[in-house]
Structures are given as structure tokens and as C-alpha cells.
Amino acid sequence: MFLIIEDSPIVQKILQHTLRQQGIEPVVFASTKAEGIELYNEHKDSVVAALVDLNLPDAPDGEMVSYLLDQRLPVVVLTGSDDLNQRKELLKSGVVDYVIKENRFSYQYAARMLNRLERNRSITALVVDDSSTMRQAVTSYLRLQNFQVVEAHNGAEGLEKLESDISIKLIITDYHMPEMNGFAFLQQVRHRYDKRPLAIIGLSSQEDADISVQFIKKGANDFLQKPFQQEEFSCRVTNNIEALEQFVAVQEQATLDYLTGLRNRRYFIEEGDALVKRLQAEGKPFTVALMDIDSFKGINDEYGHDAGDAVLKQLAGYLQQTFFRFHMARYGGEEFALILPGLDTDKAYGLLDQFRSYVADQLFILPDDDYIRVTVSTGVAPFSPSNKSMLHQLLLDADEALYAAKEGGRNLVVVHDPTLSAD
Ligand SMILES: Nc1nc2c(ncn2[C@@H]2O[C@H](COP(=O)(O)OP(=O)(O)OP(=O)(O)O)[C@@H](O)[C@H]2O)c(=O)[nH]1
């Protein structure tokens, strides 16, 4: 929950609109300090941050801001004044940001800050610096922005923390450190965790422009020269974290099938290969299967492509409900692939046949509200502890079994018979 304390009804209206637009909710509004305190006490446990006007009818000199800072609540100040000294003093006293009411962009910025404060709560930042003074300063700036923070005295300790805490997404590292300097640490991080999304900001007090270039070249996202202002630090952290989140969102999108929302073939193969190797190394049972909608071309031909799409989406929903624990994807047009860890052939057969029977009993709703019956056929690559085939081969086996299911009349689950295999 967010607490907004602002006496102008017009500004309240604009904020209400802007916050709603950015999906920031729930929000409670107060117009005076007295109301603000009452609302704060009422929602103490759920308030994430407050956006507070400096000048209120019963608190003309920022008394409301001081009150909330004393309660250790993150506060973004909203003001009509552009007094630089006041701004400096407020930032020094611990407010997260200082926003001047200029135009709609200011309100959008304030909303963005509130949103950030909420999201930062689930992000851990790692601060790597041998100087305890610097570590404390950086840590306090990060805590102000609502990050969880872990500290390390040097690169080696930093690597340990990174290994044990997967919630670390942001690293602030100094350059000059004993044993392992910032560059060596950075190179190790990027080498060991090439797939892990991490925003890294390098710090150095040296007046040497080359250090910033080297930091960036070695894989840092940004660089700051010490001493720096809290505001610059916060802005850079925010920009880098937002860029990282956008990158992760795009990456996530690239693993999804646009029509059904299931994972796509690329994701299935990339992650599936590693999964199969891991299961084999651990000696755990698993089963690979391919499922295909029967006579799907006929559905398209008779009812149109949109009807075919509707069938795919409805079936994907059933697959999601039943197999959400497993590794599954839309493998091709009307084909779905599954890896079922923990299930040997008999158990997998049982589950897949139950699903086959469930699908056959459903009505599939078409865009014109007409409905049809749909069946699926499934091929299963049998599991045996001695079979060390790679995913690629297991999919070929499952495909052969799927072909046999189609030949056998469809609406069937068939387990691959290696003795009938062409090779
Ligand atoms: N509506 C729709 N159709 C698709 C999509 N992707 C592939 N298809 C169609 O799926 C159909 C697949 O047909 P086939 O593989 O020949 O299958 P079938 O012969 O009808 O049925 P079986 O022999 O039982 O496999 C083709 O007509 C494709 O055009 C899609 O995203 N949406």
C-alpha cells in the first residue's frame, strides 16, 4: 500500500490518475498531517512508501516528512519549491527522492519511484568494498531505496555470497581491493554466471578515466567515480535495475509461444537437454512424450484457422492444468512435447492416458460458439535406468511411437517399442 499526503484536490486527482495508469495500488490519500498520521497508523504494516507534499495546512515546513522518516518509512517528497538548499537538506535527512511539481512528467516520475520502492523490496544488492566506511555509505543509500543488502569485504567473499544467494541482482563493486581487485572480481562473475541477470556498477576513487572504460569493457553495466552524490547513485541504480528487468522480460517472452502462452520449442530443447543430463546423472526416472492433436488439419479445413487456434488454446489450458509441474512446450503446430521427471514409463503412461481420456470427454468451444470434440495421440519414449540416450534420440523414439498411435487409429497413447525401431 502507498500513502499519498497532498492537500491540493487537483494534484490528488492527477496523482490518482497517474498511479492507476501505472498499476500502482492500493493507494490511500490524506490532505493534512493529522489525516496522514491517522492513515499511517491504520495501515502501518502494509505501507511500502509515502509520497508527501512538503507544505500542508497543518504542517507547513515538512513536518509530515520528518514524522514519517522517524517511522523509518521510505518517503518521496513532492513540492512546488525548487529551493536547492532545501532539496540538499532533505536528501541528507534521508528522503528517497525530491520531486518538483512542474508538469505531468513530474507526477509520472514520482509514480515510477513508488513503483520502484515496492519492487526493490524483493531485490538483493551485493556491496563489495574493503573500506567499511564506503560499504556503509553505499549500503545506507541502497536500503533507502528499499533494497535488501549483503556486504562483502573483497572479491572472493563477494563470489561466495553470489553463489549462496540467488536473489542478488545488483552488484556495486569497488576497484581497489586487496587480493582480488574489482576487474578480476567482475571477470569471475561474468565468467561463472554468464546466464544470470545481474546489473553491475563499478566504483573507483581514482581520477583515472581508463578505469571506467575497463570496468565497462570487462562487463560492468555502469561506473561511478567516488565521491558521488546520493541522487546520482540512486538514479544510476534505478536505471540499471530497470534495464535489467526489461531485459529479463524480453528474454522470458522469447521462451513463450505467442498463441498458447506455453513455453516454445527453443526453450524446451535448451532447458530440456540440461534437465535430461541432470536426471540421468542423478539416476532419477523420467519420461519423454510427444502429443499431437488428431486430424487437426480437418478442424482447420472445416471450421477455419481461428477455430483451430481456439482448439490449440483450450488444449494448452488443459495441459497447463495437468502438467504444470513438468517440462512442457508447444513443440510444433499442433504438437506438444513433455519431459516428466520422477515418472517411470508406467506412471507416465497412466497420467498421459488419463489426460487423453479427459480431452476426449471435453467440448471445445469455437469462436462462433459452436463446439466440437477433439482427441489427442501420444508417443512415449520408455525410461530405463541403463538408457543414456540424449533428449534428441528420446524425442525421435517418442515420435516413432506417436506415428504408431496414429496408425493404430488415434486417440491412443503408445509406448515406443525398441525392437520395432528402424535402427
Ligand atoms: N489454426 C492453426 N493451425 C495450425 C497452426 N500451426 C499448424 N497448424 C495446422 O495444423 C495442421 C497439421 O496437420 P497434420 O500434421 O497434417 O495433421 P493431420 O493429418 O490433420 O492429423 P493427424 O494425422 O492426426 O496428425 C496443418 O494444417 C497446419 O496448417 C496454428 O498455429 N493454428
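Residues numbered from 1 in each chain as written. Predicted model: local features only at pLDDT ≥ 70, side-chain atom pairs only at ≥ 80, totals over all residues. Heavy atoms only, no water.

Peer 1: Please clarify how the site of the ligand should be interpreted in this entry.
Peer 2: Around the ligand lies a shell of 16 residues, among which S295, K297, D309, R330 and R410 are the nearest. Between R330 and the ligand, the recorded distance is 2.7 Å, taken from a side-chain N or O atom to an oxygen atom. Burial of the ligand by the surrounding chains reaches 67%, relative to a free accessible area of 660 Å². Residue assignment for the shell around the ligand shows that the elements contributing at least two residues are β11 (286–293), α12 (296–303) and α13 (305–323). When residues of the shell around the ligand are assigned to their parent elements, the largest contribution, four residues, is made by α13. (Near = heavy atom within 4 Å. Polar contact = N/O pair within 3.5 Å; in protein donor to acceptor, adjacent residues only side chain to side chain. Areas by Shrake-Rupley, 256 points an atom, 1.4 Å probe, with all protein chains shown as cover. Helix = DSSP H or I, 4+ residues; strand = E, 2+ residues; numbered from the N terminus.)

Peer 1: Quick question: what am I supposed to make of the UniProt feature "modified residue: 4-aspartylphosphate" (unreviewed entry) in the protein chain here?
Peer 2: In the numbering adopted here, UniProt assigns the feature "modified residue: 4-aspartylphosphate" (unreviewed entry) to D53 and D174. Across 122 residues of sequence, these annotated residues are also dispersed in space, with a maximum C-alpha separation of 36.7 Å. Topologically, D53 is positioned in strand β3 (residues 49–53). Residue D53 is classed as buried on the basis of its relative accessible area, which comes to 4%. Beyond its immediate chain neighbours, meaning those up to four positions away, D53 contacts I5, E6, D7, L78, T79 and K101. With respect to the helices and strands, D174 occurs in strand β8 (residues 168–174). In this structure D174 comes out as buried when scored by relative accessible area, which is 5%. (UniProt positions renumbered as here; feature names shortened; annotations may be inferred. Buried < 20%, exposed > 50% of the residue type's maximum accessible area, 1.4 Å probe, protein only. Contact = heavy atoms within 4.5 Å.)

Peer 1: I tried to follow the sheet that holds strand β12 (residues 327–330) on my own but got confused; where do I start?
Peer 2: In sheet architecture, strand pairing relies on hydrogen bonds along the backbone and comes in two forms, parallel and antiparallel. In spatial order, the strands read β12-β13-β11-β16-β17; together these five strands make up an open sheet with mixed pairing. Sheet topology places β12 and β17 (413–415) at the edges, where each strand pairs with a single neighbour. This sheet shows a mean twist of 15° between the axes of neighbouring strands, independent of strand direction. In this sheet, strand β16 (residues 376–381) lies alongside β11 in antiparallel orientation, the contact comprising six bridges. Residue pairing for β16: M291 is matched across the bridge by T378. (Pairing = 2+ DSSP bridges. Axes fitted to C-alpha atoms, helices over the stretch in contact; angles between N-to-C directions.)

Peer 1: Help me understand unusual backbone geometry, please; the structure alone is not making it clear to me.
Peer 2: Among all residues save glycine, negative phi is the norm, and among peptide bonds the norm is trans. Cis peptide bonds are those with omega within 30 degrees of zero, and the linkage from E25 to P26 qualifies with -10°. By the element assignment, P26 lies in the loop between α1 (9–21) and β2 (27–30). A positive phi is found at N146, a non-glycine position, where the angle reads about 75°. Given a relative accessible area of 14%, N146 falls into the buried group. The phi dihedral of E179 falls on the positive side, at around 65°, and the residue is not glycine. Structurally, E179 is set in the loop between β8 and α8 (182–192). By relative accessible area, which is 77% here, E179 ends up exposed.

Peer 1: Looking at this structure, I do not really get the side chain of R356. What am I missing?
Peer 2: Mapped onto the fold, R356 is located in helix α14 (residues 345–361). Judged by its relative accessible area of 16%, R356 falls in the buried class.

Peer 1: Just to check I follow, could you spell out the UniProt feature "domain: GGDEF" (unreviewed entry) in the protein chain for this structure?
Peer 2: Look at the UniProt record and you will see "domain: GGDEF" (unreviewed entry) annotated at residues 284–418. From the first C-alpha to the last, residues 284–418 spans 21 Å; its make-up is 45% helix and 24% strand.

Peer 1: Help me understand the environment of V376, please; the structure alone is not making it clear to me.
Peer 2: As for its placement among the helices and strands, V376 is situated in strand β16. Placed 148 residues apart in sequence, V376 and F228 show a C-alpha to C-alpha distance of 63 Å. Among residues more than four places away in sequence, those in contact with V376 are M291, D292, I293, D294, L315, R356, V359, N411 and L412.

Peer 1: I keep staring at the sheet that holds β8 and nothing clicks. Help me out?
Peer 2: Taken together, five strands build an open sheet; the order of strands is β7-β6-β8-β9-β10 and the sheet is parallel. The sheet is open, and its two borders are formed by β7 (148–152) and β10 (222–225), each paired with just one other strand. Each adjacent strand pair in this sheet contributes to an overall mean axis angle of 20°, direction not counted. Pairing analysis gives five bridges linking β8 to strand β9 (residues 199–204), with the strands arranged parallel. Note that in β9 the partner of L170 across the bridge is A199.

Peer 1: What exactly am I supposed to notice about the domain arrangement of the protein chain here?
Peer 2: According to the domain assignment, the protein chain consists of domain 1 (2–118), domain 2 (123–252) and domain 3 (265–421). Taken over C-alpha atoms, the centre of domain 1 sits 29 Å from the centre of domain 2. On the side of domain 2, eleven residues touch domain 1, which itself brings eleven residues to the contact. In total, about 1,000 Å² of surface goes out of reach between domain 1 and domain 2, with carbon and sulfur atoms giving 40% of it. Of all residues in domain 1, L91, R112 and R116 bury the most surface against domain 2, accounting for 50% of the area lost on that side. At the boundary of domain 1 and domain 2, one finds four salt bridges. With a closest N to O distance of 2.9 Å, R116 and E245 form a salt bridge. Counting across the domain 1 and domain 2 interface gives five residue pairs in polar contact (both at pLDDT 80 or more). Secondary-structure elements contributing two or more residues to the side of domain 1 that touches domain 2 are α4 (84–93) and α5 (104–120). (Domains from an automatic or database assignment. Buried area = accessible area lost by both parts, 1.4 Å probe. Salt bridge = Lys/Arg side-chain N within 4 Å of Asp/Glu carboxyl O.)

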